[in-house]
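Examining the three-dimensional arrangement
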Amino acid sequence: MLHRGSSDPTEVSPNSLVQQAHTALAAILREGDAVIDATVGNGHDTLFLAQQVGESGTVYGFDIQQQALDIAYARLQEAGLERRTSLYHAGHEAMAVVLPQSLAGRLKAVVFNLGYLPGGDKVRTTTIHTTLAALEQARELLAPGGGISVLAYTGHPGGREEAEAVKAWAHTLAPDYYKVQITIPPSQSGTAPEWLWIVRV
Ligand SMILES: C[S@@+](CC[C@H](N)C(=O)[O-])C[C@H]1O[C@@H](n2cnc3c(N)ncnc32)[C@H](O)[C@@H]1O
């Protein structure tokens, strides 16, 4: 299903798309679930996921920058939720190799927030090749009823191409097995973020 914005010229902020993603995730997550934050960054999504999965759940987090993992860990510690998380200094494209094989088919959610680390090096962005590799692995690891959330930013170099590649990948998924919802808010500049929500049937 494709949601396009109305003629309202007001651009939707990234935060409201994050809210939409969190609402969708909260609706499917339960105490004890295993989930992945594929782009830990400053840890806002990691913290949200740790709150959702409860004491017996686990958030597996990936980032290629130690700086991001340190910031995220401090955030989790401050909330007393660091024990619900396992953070890996590794690219998300390694998730199927790095994570315990017992998780295959059991992950309730995989969350991608693409682009660069806010406040960090803007050149160290996610890339089409590694993002698509990770999405394909996420799809295979997902439990029935599980969801993949992808927030794609289109305003930085390479961001538009990455967003288009992710949408093209989503369109290849068999509709009998994956329900795909793409939210493209109205944007006069053409650089608004876009959100994909993919649920395994
Ligand atoms: C937009 S930020 C994520 C923001 C984060 N979700 C939050 O709540 O703060 C994107 C992050 O993806 C990371 N990244 C880039 N390539 C990656 C890869 N191949 N695997 C994992 N993380 C990657 C960057 O280092 C950056 O920290």
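Refer to the structure presented above.
Summary of the structure given here. (Residues numbered from 1 in each chain as written. Predicted model: local features only at pLDDT ≥ 70, side-chain atom pairs only at ≥ 80, totals over all residues. Heavy atoms only, no water.)

1. So, the overall build of the chain
- When helices and strands are tallied, the chain shows six helices and eight strands.
- The N-to-C order of helical and strand elements in the chain reads β-α-β-α-β-α-β-α-β-α-β-α-β-β.
- Its C-alpha atoms give the chain a radius of gyration of 16 Å, within 12% of the compact-globule value 17 Å for 201 residues.
- Overall size of the chain, expressed as C-alpha extent along the three principal axes, is 45 × 40 × 30 Å.
- Within the chain, counting contacts between residues at least 6 apart in sequence, those at least 24 apart form 75% of the total.
- Carbon and sulfur atoms make up 53% of the accessible area of the chain, which amounts to about 9,400 Å² in all.
- For the chain, the separation between the mean place of its 14 positive charges and that of its 20 negative charges on side chains is 5 Å. (Helix = DSSP H or I, 4+ residues; strand = E, 2+ residues; numbered from the N terminus. Rg over C-alpha atoms; globule rule 2.2 N^0.38 Å. Contact = heavy atoms within 4.5 Å. Areas by Shrake-Rupley, 256 points an atom, 1.4 Å probe, with all protein chains shown as cover. Lys, Arg positive; Asp, Glu negative; His and termini not counted. Charge placed at Lys NZ, Arg CZ, Asp CG, Glu CD.)

2. What to know about the site of the ligand
- Lining the immediate environment of the ligand, one finds 23 residues, of which N42, D45, D63, Q65 and H92 sit closest.
- Separating an oxygen atom of the ligand from a side-chain N or O atom of Q65 is a distance of 2.8 Å.
- H92 is positioned with one of its backbone polar atoms (N or O) 2.8 Å from a nitrogen atom of the ligand.
- Look at the ligand: alone it shows 600 Å² of surface, and the protein chains cover 96% of it.
- Among the cavities detected, the one that contains the ligand is the largest pocket.
- Along the lines of polarity and charge, the residues of the shell around the ligand split into eight nonpolar, twelve polar and three charged. (Near = heavy atom within 4 Å. Polar contact = N/O pair within 3.5 Å; in protein donor to acceptor, adjacent residues only side chain to side chain. 1 Å grid on protein atoms, 1.4 Å probe; cavity = no way out; pocket = protein on both sides within 12 Å on 5 of 7 lines; lining within 4 Å. Sits in = over half its atoms within 2 Å of the grid points. Nonpolar A, V, L, I, M, F, W, Y, C, P; charged D, E, K, R; others polar.)

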